[in-house]
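These are the residues of each chain, in order.
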Amino acid sequence: MEDKLTIENLAALLAAKMNMEQADADAFVCSFFALIEEGLKRDKYVKIKGLGTFKLITEADNEGKVVFIPDAALKEAVNKPFSHFQPVELNEGVHFDDIDENESSEVGEVVTPSEPEPDVASEQSDIANVAGPDAENVSLNVAPEAQEPCEEKEEIPTENTEGKQRRWFMSWYMFAAVLLAGVVIGVGVMWGVFAGRSNGSVERSNDLKQYEEKPVSVAPVDSVDTEISDSIETTEEDNAEDTVVVHKKAIDSIIGVATDDVSEIKYLSDEVVYKISGTLDTVTIVKGSTLSKVAYKYFRNRKLWPYIVMYNKDVIDDPNNVPIGTTLRIPKLTPAD
Amino acid sequence: MNEKEFIDALSAKTGIDDKRISKLMSSVADIVSSNLQEGKDVTIQGFGVFETKKKMEKIEVNASTGKRILFPPKLLVGFRPSSLLKERINSVLNG
């Protein structure tokens, strides 16, 4: 038999199947297809159960185009040989040569229209070498379960849209990855800014303002009164400040600022105006040391560095640039009133 | 034109009753389907050709993840309208 069925063959088969006259079958088949054409002209679509839907699409240049969408039953029947395959993800180490060919006969019966050829358009170079039949064996071995095939509404046009969709998803993933990278970088920059702040470089200008506002009230007083300062230290600090001290200690342990005796150094609020009542200690500026670090070491408060500047006016020319090796006297701070 | 409208119209045209028409139509569909399954094209002169096309298996590589997906081969039903059908339909469309 030829691999072609004409309208005459169709009518003959119909006549045999339905026990009808050849002439009647001929007439019926002719009417059948003539009516499909009429239906297309009239309604622009004809739906026939078991066969499919014919549609008339008018294109931009006013040209009619007949499109046939096969019925799901027809589509599945035709694709039956491959219906139990579904797309599978290949693992990195999949070598097509390793796959045994036990089930290849099944494929051999099925492949009628043309011998398989490797579709190398979108494959990697190593895959490109693999011949079609081997690839089919892979699919046989990897997806042995009988499953529904990946559905496709139309033939060629849909292939393209599927590809586009895949590409669209790809770009979406890339976009997400870029976004994530952006967030990570942003967090890094923020961390960098705040870490930089701890060196006092950002806060310095604010501190200078504070320093300029307060100089009148911070008159150096030479007399040392330890009893008063002690009592005030204990009374001035309310509960809130106690908790602050705890936090400061915690932070201190985390950032590892060098302190000699953490327990003895009390947090001094920068909201109180202090007078200088003597020298607490002397410190030599080393590399990496800043006035605010020194202030933090002795007062647990970076913002109190202007007092150090005030007390060391004779050695500090520029508070923003204290040369390494400068020896500073640390003032003992007592609340002014 | 849906299934019922089509049967009614065909019945009016051929003088065969609806039930018989329905059976005949499903027979035609069966014959077309079985021939397509055997790999035979169904050629209707002056109307068009029903044919099967084999779409080869292919491996698609997702560029962003590097995943390789193997798509199985597929047999698809296609229909090519004959040039006569196209002409007749366009003559109706354009005037």
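Residues numbered from 1 in each chain as written. Chains lettered and ligands numbered in written order. Predicted model: local features only at pLDDT ≥ 70, side-chain atom pairs only at ≥ 80, totals over all residues.

Comments concerning the packing of helix H1 (residues 7-18) of chain A against helix H2 (residues 22-43) of chain A
All names here are of chain A.
Part 1: Running from N to C, H1 and H2 point in directions that differ by 125°, and their axes come no closer than 8 Å. In terms of their interaxial angle, H1 and H2 are classed as oblique. Considering how the two elements wind past one another, H1 and H2 form a crossing that is right-handed. Contacts from Ile-7, Leu-10, Ala-11, Ala-12, Leu-14 and Ala-15 of H1 reach H2 at Gln-22, Ala-25, Asp-26 and Val-29.
Part 2: Looking at the contact of H1 with H2 residue by residue, the classes come out as eight nonpolar, one polar and one charged. (Axes fitted to C-alpha atoms, helices over the stretch in contact; angles between N-to-C directions. Helix = DSSP H or I, 4+ residues; strand = E, 2+ residues; numbered from the N terminus. Parallel < 35°, antiparallel > 145°, perpendicular 65-115°, else oblique. Left-handed = near helix turned anticlockwise from the far one by under 90°. Contact = placed C-beta atoms within 7 Å. Nonpolar A, V, L, I, M, F, W, Y, C, P; charged D, E, K, R; others polar.)

A look at helix H2 (residues 18-37) of chain B
Residues and elements named next belong to chain B.
Part 1: With 20 residues, H2 extends 28 Å between its outermost C-alpha atoms, agreeing within 8% with the 28 Å of an ideal straight helix rising 1.5 Å per residue.
Part 2: If you check which residues of H2 are buried, you get Ile-21, Leu-24, Met-25, Ser-27, Val-28, Ile-31, Val-32, Ser-33, Asn-35 and Leu-36.
Part 3: Positive phi shows up at Gly-39, right after H2, with a value of about 90°. (Expected span 1.5 Å × (residues − 1). Buried ≥ 20, exposed ≤ 12 C-beta atoms within 10 Å, placed from the backbone.)

Some points on the sheet that holds strand S2 (residues 45-48) of chain A
Residues and elements named next belong to chain A.
Part 1: Spatial ordering of the open sheet is given by S2-S3-S4, a layout of three strands whose pairing is antiparallel. Since the sheet does not close on itself, it has two edges, and those belong to S2 and strand S4 (64-70), each with one partner. When the angles between neighbouring strand axes are averaged without regard to direction, this sheet yields 15°.
Part 2: Contacting S2, strand S3 (52-58) and S4, H2 runs over the sheet at an angle of about 135° to S2. (Pairing = 2+ DSSP bridges.)

Quick look at the confidence of the model for chain A
Residue and element names in this part refer to chain A.
Part 1: Here chain A averages 68 in pLDDT, and 56% of its residues register 70 or above.
Part 2: Mean pLDDT values for the elements of chain A range from 34 in helix H4 (residues 104-110) up to 88 in S2.
Part 3: Contacts of residues 97-161 to residues separated by more than four positions or lying in other chains number 76 contacts, the stretch itself having pLDDT below 50.
Part 4: Scored below 50 in pLDDT, residues 212-226 shows 19 contacts in the model against residues more than four places distant or in partner chains. (pLDDT = per-residue confidence, 0-100.)

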